[in-house]
Amino acid sequence: MKISKEINVKFLFIILFFSLNIISQSSRNFVIILDAGHGGKDPGNSYNGFVEKDIALKTTLKVEKYLQRDRDIQVVYTRKKDVFIELRERPKVANNIDANLFISIHCNSVSNATPYGTETFVMGLARSNTNFEIAKKENSVILLEKNYKKSYKGFDPNKPETLIGLKIMQEEYLNRSISLASKIEKNFTSKLNRKSRGIKQTPLWVLDAAYMPSVLIELGFLSNKEEGLYLNSESGQDKMAETIADAIISYKRQYFEIDSDEPALERSTKNQRKDTATILKNKTSKETVSAQKKTVDKVSSGVVFKVQIATSKKSIKLVPVNFKGLKNVSLSTENGIFFKYNYSSTSDYTTAKQNLEIAKSKGFPSAYLVAFKNGEKISIQEAVKL
């Protein structure tokens, strides 16, 4: 599909916006937007006497109670009552305050009463008819809004061809959205023994328009009476809310709390303004140190740190020219559809942080550290301890 010059300019502006956000998010609390799906004149799914807008709101409001276990987390809601909020206004709340995460909570349904289980969605192009049907449902609230054709620039939730125009404007944040989604779904299965239908990509406007890692959670199927009873109960809502909160806290600890003086993902504004020329001046010596560590890595405890610089749906040839001059870039895959590109490899945490500076100075502002033990991914905290 041919994209106009005007759209291309907008995409470039958004990429610049991402980079500025990464700097500005550093010296404040970890801010989360909790978005209870639907509301007011938009009830969402209604099956077996269960109403999605009510269950979504009650569950969403309970999440904050469990997030209070972490004093640094600040919660902002898109709605706290049964009111109609235009779809475009929901991510706008998050963008206006430069939030760290956007989380939208919903309930699923189909005409068949058999399906059940949780699903968590991240932004992406539809890959199946099932995903397209879900996208139509969640995006259809657009049709209830005034001047929706003008507001959404011709986007029609009932036409699959218009979904192609929904680019992943938050490409820099896709990997972190997947990470959060993984934690949420893992908690549902391991802590509550709920069935997980997995992590999926689909073009949802509310995720596409949020300029930060974002997910949409489907708590379960109201069309399945047993699951609907669970989600409509006080106990079920409490348990689902607690597991979502635990996943958020885990995400925060992984990406923002590597050590006491420097966050993993967001550096302080002071450090972000560090003279880039100084970093580049020491680039050669640092890369030499990194290369020397390779021998140590082979005989280490099996723990290595890498700098993740990009995630893509396409395989890119591993040559420096494709990565702004960075050498020693490696490739890994996730779920068979995502390609992850990592720069450098070292068993020394201090060297790893130096490599992170190099990656950011070369034009990868959202790069962050990842760790592996014997080829398996582990948290940075665990790797540092080892």
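Residues numbered from 1 in each chain as written. Predicted model: local features only at pLDDT ≥ 70, side-chain atom pairs only at ≥ 80, totals over all residues. Heavy atoms only, no water.

The protein chain goes by N-acetylmuramoyl-L-alanine amidase in an unreviewed UniProt entry, where it is assigned to Flavobacterium xinjiangense.

Chemist: Where do I start with the sheet that holds strand E7 (residues 196-202) in this structure?
Modeler: Sheet strands associate in pairs through backbone hydrogen bonding, adopting either a parallel or an antiparallel arrangement. Sheet architecture is open: 6 strands sit in the order E4-E1-E5-E8-E6-E7, paired in mixed fashion. The open sheet terminates on both sides in strands that have one partner only, identified here as strand E4 (73-77) and E7. Strand after strand, the sheet turns through a mean of 25° between neighbouring axes, direction not considered. When strand E1 (residues 30-36) meets E4, the two strands line up parallel, connected through 5 bridges. (Pairing = 2+ DSSP bridges. Helix = DSSP H or I, 4+ residues; strand = E, 2+ residues; numbered from the N terminus. Axes fitted to C-alpha atoms, helices over the stretch in contact; angles between N-to-C directions.)

Chemist: Help me understand the environment of Gly228, please; the structure alone is not making it clear to me.
Modeler: Following the sequence through the fold, Gly228 ends up in helix H9 (residues 225-232). Here the alpha-carbon distance between Gly228 and Glu52, two residues 176 residues apart in the chain, equals 9.6 Å.

Chemist: Would you take a moment to explain the packing of aromatic side chains for this structure?
Modeler: When we look at a pair of aromatic rings, we describe it by the centre distance and by the angle of the planes. Under the counting rule described, the total for this entry stands at 3 aromatic pairs. Ring geometry for Phe305 against Tyr349: centres 5.4 Å apart, planes inclined by 45°, an arrangement best described as tilted. A residue pair is termed long-range when its members are at least 10 positions apart, and Phe305 in strand E9 (residues 303-312) and Tyr349 in helix H14 (residues 349-361) qualify at 44 residues. Taking 5.2 Å as the distance between ring centres and 45° as the angle between the ring planes, the aromatic pair formed by Phe323 and Tyr341 counts as tilted. Taken together, the residues Phe323 in the loop between E9 and strand E10 (329-334) and Tyr341 in strand E11 (residues 338-346) connect sequence positions 18 residues apart. With a relative accessible area of 3%, Phe323 lands in the buried category. The ring of Phe84 has Lys41 lying over it, and the distance from NZ or CZ to the ring centre is 4.7 Å. For Lys324, the ring lying beneath its charged end belongs to Phe364, and the centroid distance is 4.8 Å. (Phe/Tyr/Trp six-rings, centres within 6.5 Å; stacked < 30°, edge-to-face > 60°. Buried < 20%, exposed > 50% of the residue type's maximum accessible area, 1.4 Å probe, protein only. Lys NZ or Arg CZ within 6 Å of the ring centre and 35° of its normal.)

Chemist: I would appreciate a short explanation of the packing of helix H7 (residues 174-192) against helix H10 (residues 234-256) in the present structure.
Modeler: H10 packs onto H7 with a crossing angle of 135° between their chain directions and a minimal axis gap of 9 Å. Considering their axes alone, H7 and H10 lie oblique with respect to each other. Crossing angle aside, the handedness with which H7 passes H10 is right-handed. Contacts between H7 and H10 involve Arg176, Ser179, Leu180, Lys183, Ile184, Asn187, Phe188, Lys191 and Leu192 from the former and Lys239, Met240, Thr243, Ile244, Asp246, Ala247, Ile248, Ser250, Tyr251, Gln254 and Tyr255 from the latter. (Parallel < 35°, antiparallel > 145°, perpendicular 65-115°, else oblique. Left-handed = near helix turned anticlockwise from the far one by under 90°. Contact = heavy atoms within 4.5 Å.)

Chemist: Could you clarify how one ought to interpret H7 in this entry?
Modeler: Because each turn of an α-helix spans 3.6 residues, side chains separated by three or four positions in sequence point in the same direction. An ideal rise of 1.5 Å per residue puts 27 Å on 19 residues; H7 measures up with 26 Å between its terminal C-alpha atoms. Counting buried residues along H7, 14 of its 19 residues qualify, which places the element largely inside the surrounding structure. Phi for Asn193, located one or two positions after H7, is positive at around 60°. (Expected span 1.5 Å × (residues − 1).)

Chemist: Can you walk me through unusual backbone geometry in this structure?
Modeler: What is expected of a backbone is that most residues other than glycine have negative phi and most peptide bonds are trans. Non-glycine residue Asn48 carries a positive phi angle of around 55°. Following the sequence through the fold, Asn48 ends up in the loop between strand E2 (46-47) and strand E3 (50-51). At Asp98, a residue that is not glycine, the phi angle is positive and equals roughly 55°. Using a relative accessible area of 11% as the deciding quantity, one classes Asp98 as buried.

Chemist: Sorry if this is basic, but what is going on with the environment of Thr59 here?
Modeler: The topology assignment puts Thr59 in helix H2 (residues 52-67). A sequence separation of 181 residues divides Thr59 from Met240, and the C-alpha atoms of the two residues are 7.2 Å apart. Apart from residues no more than four positions distant in its own chain, Thr59 is found in contact with Leu219, Gln237, Met240 and Ala241. Within the local environment of Thr59, its side chain forms a polar contact with the backbone oxygen of Ile55, the two atoms lying 2.9 Å apart. (Polar contact = N/O pair within 3.5 Å; in protein donor to acceptor, adjacent residues only side chain to side chain.)

Chemist: Any chance you could explain the environment of Ala181 here in plain terms?
Modeler: Within the fold, Ala181 resides in helix H7. With a relative accessible area of 0%, Ala181 lands in the buried category. Setting aside its immediate chain neighbours within four residues, Ala181 contacts Thr120, Val122, Ile199 and Val215.

Chemist: Just to check I follow, could you spell out the pattern of salt bridges for this structure?
Modeler: Close approach of charged atoms allows side chains of opposite charge to pair. Overall, the coordinates contain 13 salt bridges when judged by the stated rule. For Lys53, the salt bridge goes to Asp82, with nearest N and O atoms at 3.1 Å. One end of the pair, Lys53, is in helix H2; the other, Asp82, is in the loop between E4 and helix H3 (89-96), and 29 residues separate them in sequence. As a salt-bridge pair, Arg69 and Glu242 come within 2.7 Å of each other at their nearest N and O atoms. Taken as a pair, Arg69 in the loop between H2 and E4 and Glu242 in helix H10 lie far apart in primary sequence, 173 residues in all. Judged by its relative accessible area of 49%, Arg69 is partly exposed. (Salt bridge = Lys/Arg side-chain N within 4 Å of Asp/Glu carboxyl O.)

Chemist: Teacher, can you tell me more about the nonpolar core here?
Modeler: Buried together is how nonpolar side chains tend to be arranged in soluble globular proteins. Ranked by internal contacts, the top residues of the largest apolar core, which has 44 residues, are Ile32, Val63, Leu67, Ile103, Ile217, Leu219 and Ile248. For this core, the leading source of residues is H10, giving 10 residues. Counting only domains with at least three residues in this core, you end up with domain 1 (30-257) and domain 2 (303-385). In this view, Leu219 contacts Thr59, Ile105, His106, Cys107, Thr118, Phe188, Leu231, Met240 and Ile244; residues no more than four positions away in its chain are not counted. With 22 residues, the next largest nonpolar core counts Val303, Tyr341, Tyr343 and Ala383 among its residues. (Core = buried A, V, L, I, M, F, W, Y, C linked by side-chain atoms within 4.5 Å. Domains from an automatic or database assignment.)

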